[in-house]
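Chain by chain, the residues run as shown.
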Amino acid sequence: PSAATGLEIRDLTIKYGGRTALDKAVLTAPVGQITGLIGPNGAGKTTLFNAASGLLTPTTGQVMLHGQDVTGLGAAARGRRGLGRTFQLMQLADSLTVAQNVALGVESGMAGSSLRGQLIATRKERRATREAAEYAMELCGIADLRDVNAGELSTGQRRLVELARCLSGPFDVLLLDEPSSGLDPVETEKFGETLTQIVETRGCGILLVEHDMALVLRICAQIHVLDFGKMLFHGTPSEVRNSPVVQAAYLGSE
Ligand code: ATP
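Residues numbered from 1 in each chain as written. Predicted model: local features only at pLDDT ≥ 70, side-chain atom pairs only at ≥ 80, totals over all residues. Heavy atoms only, no water.

Caption draft 1: Here's a closer look at the overall build of the chain. Per the secondary structure count, the chain includes 10 helices and 10 strands. Each of the 254 residues in the chain was classed as buried or not, and the buried ones make up 50%. Excluding contacts between residues fewer than 6 apart, the proportion of contacts in the chain whose partners are at least 24 apart in sequence is 69%. By element, 52% of the accessible surface of the chain is carried by carbon and sulfur atoms, the whole surface being about 11700 Å². (Helix = DSSP H or I, 4+ residues; strand = E, 2+ residues; numbered from the N terminus. Buried < 20%, exposed > 50% of the residue type's maximum accessible area, 1.4 Å probe, protein only. Contact = heavy atoms within 4.5 Å. Areas by Shrake-Rupley, 256 points an atom, 1.4 Å probe, with all protein chains shown as cover.)

Caption draft 2: Local environment of the pairing of strand β10 (residues 230-235). Of the strand pairs in this sheet, strand β9 (residues 222-227) and β10 are connected by 5 bridges, and their pairing is antiparallel. Bridging across to β10, His224 finds its partner in His234. Taking the residues between adjacent antiparallel strands as the criterion, β9 and β10 are bridged by 2 residues, where Phe228 takes a positive phi near 50°. (Pairing = 2+ DSSP bridges.)

Caption draft 3: Seen up close, the sheet that holds strand β3 (residues 34-38). Here we have 6 strands laid out as an open sheet, ordered β6-β7-β8-β3-β9-β10, and mixed in their pairing. Of all the strands in the sheet, just β6 (83-85) and β10 have a single pairing partner and so form its edges. Sheet twist, expressed as the mean angle between neighbouring strand axes with direction ignored, is 20°. Here β3 pairs with β9 via 4 bridges, running parallel. Paired with Ile38 across the bridge in β9 is Val225. (Axes fitted to C-alpha atoms, helices over the stretch in contact; angles between N-to-C directions.)

Caption draft 4: Quick look at the pairing of strand β1 (residues 6-16). With 8 bridges connecting them, β1 and strand β2 (residues 19-30) associate as antiparallel partners. What sits directly across from Glu8, in β2, is Thr28. Taking the residues that link successive antiparallel strands as the turn, the β1-β2 hairpin has 2 residues, and the phi of Gly17 there is positive, at about 60°.

Caption draft 5: Local environment of the site of the ligand. The environment of the ligand is made up of 13 residues, and the closest members are Gly42, Gly44, Lys45, Thr46 and Thr47. Between the ligand and Thr46, the relevant distance is 2.7 Å, taken from an oxygen atom to a side-chain nitrogen or oxygen of the residue. Alone, the ligand offers 630 Å² of accessible surface; in the complex the protein occludes 63% of this. At the level of elements, β2 and α1 (45-53) are the ones that each hand at least two residues to the shell around the ligand. (Near = heavy atom within 4 Å. Polar contact = N/O pair within 3.5 Å; in protein donor to acceptor, adjacent residues only side chain to side chain.)

Caption draft 6: Representation of helix α5 (residues 123-139). Between its first and last C-alpha, α5 extends 24 Å over 17 residues, near the 24 Å set by a 1.5 Å rise per residue. Along α5, the residues classified as buried are Thr129, Ala132, Ala133, Ala136, Met137 and Leu139. Taken around the axis of α5, the buried residues stretch over an arc of 160°, which confines them to a single face. Across α5 from its buried face, at more than 90 degrees, point the exposed residues Arg123, Lys124, Arg130 and Glu138. (Expected span 1.5 Å × (residues − 1). Arc of directions from axis to C-beta.)

Caption draft 7: Layout of the packing of helix α6 (residues 155-168) against helix α7 (residues 185-202). The N-to-C vectors of α6 and α7 enclose an angle of 15°; their axes lie 11 Å apart at closest approach. Compared by their axis directions, α6 and α7 come out roughly parallel. Judged by the sense of rotation from one axis to the other, the crossing of α6 with α7 is right-handed. Between α6 and α7, the contacting residues are Gly156, Arg159, Leu160, Leu163 and Leu167 on the first element and Glu187, Phe191, Thr194, Leu195, Ile198 and Arg202 on the second. (Parallel < 35°, antiparallel > 145°, perpendicular 65-115°, else oblique. Left-handed = near helix turned anticlockwise from the far one by under 90°.)

Caption draft 8: Layout of the sheet that holds strand β5 (residues 68-69). Taken in spatial order, the 4 strands line up as β2-β1-β4-β5 in an open sheet, and their pairing is antiparallel. Of all strands in the sheet, those with a lone pairing partner are β2 and β5, marking the two edges. Strand contacts of α1: β1, β2 and β4 (60-65), with the helix running at about 115° to β1, the strand carrying the most contacts.

Caption draft 9: Region of interest: the confidence of the model for the chain. Overall, the prediction assigns the chain a mean pLDDT of 87, with 90% of residues at 70 or greater. Ignoring residues within four places in sequence, the model shows residues 111-117, a span with pLDDT below 50, making 5 contacts including any to other chains. The ipTM value of the predicted complex is 0.94, and its pTM value is 0.88. (pLDDT = per-residue confidence, 0-100.)

Caption draft 10: Region of the structure containing the pattern of salt bridges. This structure, assessed with the given rule, holds 8 salt bridges. Here Glu131 ties to Arg127 by a salt bridge, and the two come within 3.8 Å at their closest N and O atoms. Residue Glu131 and its partner Arg127 are located together in helix α5, separated by 4 residues, close to a single helical turn. Arg146 is the salt-bridge partner of Glu134, the closest N and O atoms lying 2.5 Å from each other. Here Glu134, found in helix α5, pairs with Arg146, found in the loop between α5 and α6; they are 12 residues apart in sequence, far enough to count as distant. Judged by relative accessible area, Glu134 falls into the partly exposed class, the value being 26%. The network of salt bridges with shared partners includes Arg159, Glu162 and Arg165. (Salt bridge = Lys/Arg side-chain N within 4 Å of Asp/Glu carboxyl O.)

Following this line, the structure appears as structure tokens:
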């Protein structure tokens with residue numbers, strides 16, 4: 001897959017006061033595959049996600065989406081261009097049903113705000129929202145849970161609802177921040193299969209921040225290794241597994 005269709009991070013530097021959290025980081029996450037981003041705590045993964053999704057303005061460098069420079073755009077504008085994300089801490093509305101939570105993702109990708117969506121949506125728009133939510137729930141295998149309140153779900157089910165919410169919008173590049181955290185090994189394995197299927201079915205790209213190395217090595221086409229704000233290495237799972245640099249900096253410390 002070409003980097004021109006997908007996300008490209010070019011020489012991104014981010015400083016918090018005097019502290020450099022990201023130092024000329026370079027990364028591509030093309031559509032059609034899962035790209036992993038790993039690194040020890042504090043390496044800068046969340047900072048990179050925040051800059052990629054438009055929540056942080058970089059000190060220097062560029063964020064390119066489908067070949068266009070989006071560095072100057074806010075998070076909502078990047079969403080409309082196809083960039084979706086989940087957060088490390090789940091943000092579901094517990095008192096809403098699964099279907100309603102997933103539908104919020106459709107509205108976040110609409111041209112107007114979600115407020116506009118709720119106030120003046122036509123019947124046609126509401127039907128389109130319902131259908132997009134239904135499609136995303138099917139993809140994630142949670143259609144049976146559509147009428148259950150999010151507050152009643154297990155952690156594994158909540159992770160899938162989050163993913164479905166992200167998928168219900170018109171997104172083609174998804175940033176997933178530790179989506180398997182809180183899942184047991186069986187749920188994690190199934191979750192990995194779901195992600196692989198989603199990429200195949202939708203043809204989207206996923207940039208995955210994940211602490212579970214086994215999952216990353218199993219489902220990612222390319223893996224980028226971040227250490228102290230610098231990109232240390234990138235390669236295929238077997239290249240990462242066999243890299244002495246990575247082992248010394250990261251795997252060895254597990
Ligand atoms: P983790 O795996 O623990 O989530 P991470 O790889 O996501 O870590 P970041 O959260 O991006 O790492 O942090 C990178 C560096 O920037 C760390 O040294 C962190 O202490 C620092 N940092 C993060 N956010 C801020 C902030 N708002 N102000 C100052 N320093 C920050």
